[in-house]
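Fold and contact review
These are the residues of each chain, in order.
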Amino acid sequence: MSEMKKIKNLKDFSTSADRFEGANLLCPGCAHSIIVREILNATNDPLILSAATGCLEVCTAVYPYTSWDNSWIHIGFENASTAIAGAEAMYKARKRKGKLPASCEGKSPKFVAFGGDGATYDIGFQWISGCFERGHDMMYVCLDNEVYANTGGQRSSSTPIGASTVTTPAGRVSYGEKMMKKDMLSIMAAHGAPYVAQVAPNKWKDMVKKIQKGFATEGPVFINAMSACTTEWKFAPDDTIAISDLATDSLVFPLYEIENGTKLTITYRPKNKVPVRDYLGAQGRFKHLFKPQYEYLIDEWQKMVDARWEYLQRREEASV
Amino acid sequence: MKYLGWDELIPGAILFSFSEEMEKDASEILPEDRPYAETNSHEAYVGDWRVLKPVYNRDLCIDCQFCWIYCPDVSIISRDKKMIGVDYDHCKGCGICVEVCPTNPKSLLMFEERIDNDDALAQWPEKE
């Protein structure tokens, strides 16, 4: 195995040569490309990448351009995971038979699949589950923007309660999405995956640490990355990092990792906890919650987030 | 029918990032030294997406690299741990770099596209 890239601080990190190119067609201020850059720059090993249909895929492979400087494949909406698992299986088989080309010698390529929350929580779920059950040596990264942003903002099973989307519009009779967000990380941990973690682009150091740990882990790794969506969450493009900060500091999106399916570790504890109200108020998709008839939902939200944080802390303590 | 081998297939949906085979992985070659192919989006231009452009003031910069890490469009150019400029071919003008800049006054500010960079530097605000 090749040596892990040493990244002590941001200045060190900034000497990385980006393998993701600009002039992709993602919206200005999109968090997807921030996440992808942080992941790709976390290693110097060759990368074999795939992407499920979604914002990232349609915007980085617009004919006749590609934005990827490494091998990259797109097949279908549901099978980013299986495409990369297939590549990984072939690599292993050829290695075992000694049939790898000479240029591969001494290198340890990393296999990474990217998918949006639609491709991960809903459409590609069965395929990801299969990959994790078979135990491929790969990483699956879910870019979780809590909505089908590519097709115009339909709800997915990652959309949190109270969010207004085009298929769950808020108005006189409805406060928007009525279902809770699916707890994908626990589901993936329940597969017995050696490493699953939640990351956010604004905490780049935490992100790089987890990605490097994921690369060093043998077996399937699941990463859930919060990706603030300027278009569908409805905030100004320059606020992407500020909104991400609000999400991690209000504990709406807690940063933690689970090893071997059980050992939970919280990796970020905000010094100053921000009320959930601030997080909701900063986004257009929650603005109806501030009308008198729906305001009770903000308290419900706060209770839900507090209960979740309490649960995570207890699990960390008990280490089960 | 003769089946074509993998290497004989005509590139249809395959796009090449580089025009020639590289000895090293791209992670070991800086962008200015890479043999980019025509089909790499590095060769494309999205500068016309901008309404406002970020202008960079070297005198105030402390090289914290926050703008580099949070730029979604790989448009902040940093070499040898120093921030050296903005890539106006790929910058879409989202303004994240200005928001995350910690200096006072900021070393990156948004200006209207028509304003010349030197004029922008001349009208830089004073410390608050």
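Small disclaimer: the values here were computed from a predicted structure and weren't measured.

Some words on the packing of helix 2 (residues 31–41) of chain A against helix 8 (residues 204–216) of chain A
All names here are of chain A. In the contact formed by helix 2 and helix 8, the axes pass within 9 Å of each other and the chain directions differ by 50 degrees. The angle between the axes of helix 2 and helix 8 places the two elements in the oblique class. Here helix 2 runs over helix 8; the crossing is right-handed. Where helix 2 approaches helix 8, its residues Ile35, Glu38 and Ile39 are matched on the opposing element by Trp204, Met207, Val208, Ile211 and Phe215. Considering only residue class, the contact of helix 2 with helix 8 consists of seven nonpolar, no polar and one charged.

Describing the domain arrangement of chain B
All names here are of chain B. We note that the domain assignment places domain 1 (8–44) and domain 2 (45–122) within chain B. Contact with domain 1, which involves seven residues of that partner, is made by five residues of domain 2. Considering only the side of domain 1, the residues that lose the most area to domain 2 are Glu32, His42 and Ala44, jointly responsible for 76% of the buried surface there. The interface formed by domain 1 and domain 2 includes one salt bridge. A salt bridge links arginine 79 to glutamate 32; its shortest N-O distance comes to 2.8 Å. At the boundary of domain 1 with domain 2, the tally comes to three residue pairs in polar contact (both at pLDDT 80 or more).

Re the side chain of histidine 90 of chain B
Residue and element names in this part refer to chain B. With respect to the helices and strands, the residue histidine 90 is situated in the loop between strand 3 (82–86) and helix 2 (96–100). Accessibility expressed as a relative area gives 3% for histidine 90, which makes it buried. Looking at histidine 90, its side chain comes within polar contact range of the main-chain oxygen of alanine 44, at 3.4 Å.

What to know about the packing of aromatic side chains
One pass over the structure, following the stated rule, counts 15 aromatic pairs over all chains. Here the aromatic rings of phenylalanine 77 of chain A and tyrosine 148 of chain A are separated by 6.5 Å at their centres, their planes lie at 75 degrees, and the arrangement is edge-to-face. Here phenylalanine 77 of chain A is found in the loop between strand 2 (71–73) and helix 4 (80–96), whereas its partner tyrosine 148 of chain A is found in the loop between strand 4 (139–144) and helix 7 (184–190), with 71 residues between them in sequence. The class for phenylalanine 77 of chain A is partly exposed, based on a relative accessible area of 26%. Centroid distance phenylalanine 111 of chain B to tryptophan 124 of chain B: 5.7 Å. Interplanar angle 40 degrees. Geometry classified as tilted. Of this pair, phenylalanine 111 of chain B sits in strand 4 (residues 108–112) while tryptophan 124 of chain B is found in the segment after helix 3 (117–122), placing the two residues 13 residues apart along the sequence. Tryptophan 124 of chain B matches phenylalanine 111 of chain B in its accessibility class, with the two residues each being buried. Across the ring face of tyrosine 175 of chain A, the terminal group of lysine 178 of chain A is positioned such that the distance to the ring centre comes to 4.9 Å.

Remarks on the packing of helix 4 of chain A against helix 6 (residues 125–134) of chain A
Residues and elements named next belong to chain A. Two elements in contact, helix 4 and helix 6, have axes separated by 7 Å at closest approach and are oriented at 30 degrees. Considered as vectors, helix 4 and helix 6 are oriented roughly parallel to each other. Like other packed secondary-structure pairs, helix 4 and helix 6 cross with a definite hand, here left-handed. Contact residues: Ser81, Thr82 and Ala85 in helix 4; Trp127, Ile128, Cys131 and Arg134 in helix 6.

Section: the pattern of salt bridges
All names here are of chain A. A full pass over the atoms with the stated rule returns 25 salt bridges over all chains. Measuring nitrogen to oxygen at the nearest pair gives 3.0 Å for the salt bridge that ties lysine 213 to glutamate 257. Here lysine 213, found in helix 8, pairs with glutamate 257, found in strand 7 (residues 256–259); they are 44 residues apart in sequence, far enough to count as distant. Residue glutamate 257 is classed as buried on the basis of its relative accessible area of 7%. Where arginine 269 meets glutamate 316, a salt bridge forms, and the shortest distance between an N and an O atom there is 2.5 Å. Separated by 47 residues along the polypeptide, arginine 269 in the loop between strand 8 (263–266) and helix 10 (276–281) and glutamate 316 in helix 11 (residues 296–318) bring together distant segments of the chain. By relative accessible area, arginine 269 is classed as partly exposed at 43%. You can call glutamate 316 partly exposed: its relative accessible area is 21%.

Looking at the sheet that holds strand 2 of chain A
Remark on secondary structure: sheet strands pair via backbone hydrogen bonds, oriented parallel or antiparallel. Residue and element names in this part refer to chain A. As summarised here, the arrangement of the eight strands in space is 2-1-3-4-6-5-7-8, forming an open sheet in which the pairing is mixed. The open sheet is flanked by strand 2 and strand 8, the only strands paired with a single partner. On average, each strand axis in the sheet is tilted by 15 degrees relative to the strand beside it, whichever way the strands run. As judged from the five bridges shared by strand 1 (residues 47–51) and strand 3 (residues 110–116), these two strands associate in the parallel manner. In the strand pairing of strand 3, alanine 51 is matched with phenylalanine 114.

Criteria and thresholds
Residue positions are given per chain, counted from 1 along the sequence in the order it is written. Key to labels: chains lettered from A, ligands numbered from 1, both in the order written. This being a predicted model, a pLDDT of at least 70 is required before a residue's local features are given, and a value of 80 or more before pairs of side-chain atoms are given or counted; all residues contribute to the totals for chains, interfaces and linings. For side-chain calculations, the full set of non-hydrogen atoms in the structure is used, while hydrogens and water are omitted. A fitted line through C-alpha atoms serves as each axis, taken over the contacting stretch for helices, and the angle formed by two N-to-C directions is quoted from 0 to 180°. Each helix corresponds to a stretch of at least 4 residues labelled H or I by DSSP, and each strand to a stretch of at least 2 residues labelled E; elements are numbered beginning at the N terminus. Should an angle lie under 35 degrees it is considered roughly parallel, over 145 roughly antiparallel, and from 65 to 115 roughly perpendicular; all remaining angles are considered oblique. Each crossing is labelled by how the near helix is turned from the far one, with a counterclockwise turn of less than a right angle marking it left-handed and a clockwise turn marking it right-handed. By definition in these notes, contact holds between two residues if any of their heavy atoms fall within 4.5 Å. Throughout, the ten residues Ala, Val, Leu, Ile, Met, Phe, Trp, Tyr, Cys and Pro are labelled nonpolar, Asp, Glu, Lys and Arg are labelled charged, and all others, Gly among them, are labelled polar. Throughout the structure description, domain borders are defined by an automatic or database domain assignment. Two parts lose some accessible area (1.4 Å probe) when they are put together, and adding that loss for both gives the buried area. Within this document, salt bridges are pairs made up of a side-chain nitrogen of Lys or Arg and a carboxyl oxygen of Asp or Glu, the two lying within 4 Å of each other. For the purposes of these results, a polar contact is taken to be a pair of N or O atoms within 3.5 Å, where, inside protein, one atom must be able to donate a hydrogen and its partner to accept one; residues adjacent in sequence count only when each atom of the pair is a side-chain atom. Remark: exposure states derive from per-residue accessible area (1.4 Å probe, protein chains only) relative to the maximum for the residue type, with buried under 20%, exposed over 50%, and partly exposed in between. In this analysis, rings of Phe, Tyr and Trp, with Trp reduced to its six-membered ring, are considered paired at centre separations within 6.5 Å, and the interplanar angle assigns stacked below 30 degrees, edge-to-face beyond 60, and tilted for intermediate values. Think of it as a cone above the ring: NZ of Lys or CZ of Arg counts as a charge over the ring if it is within 6 Å of the ring centre and within 35 degrees of the ring normal. A pair of strands counts as paired when DSSP detects no fewer than two bridges linking them.

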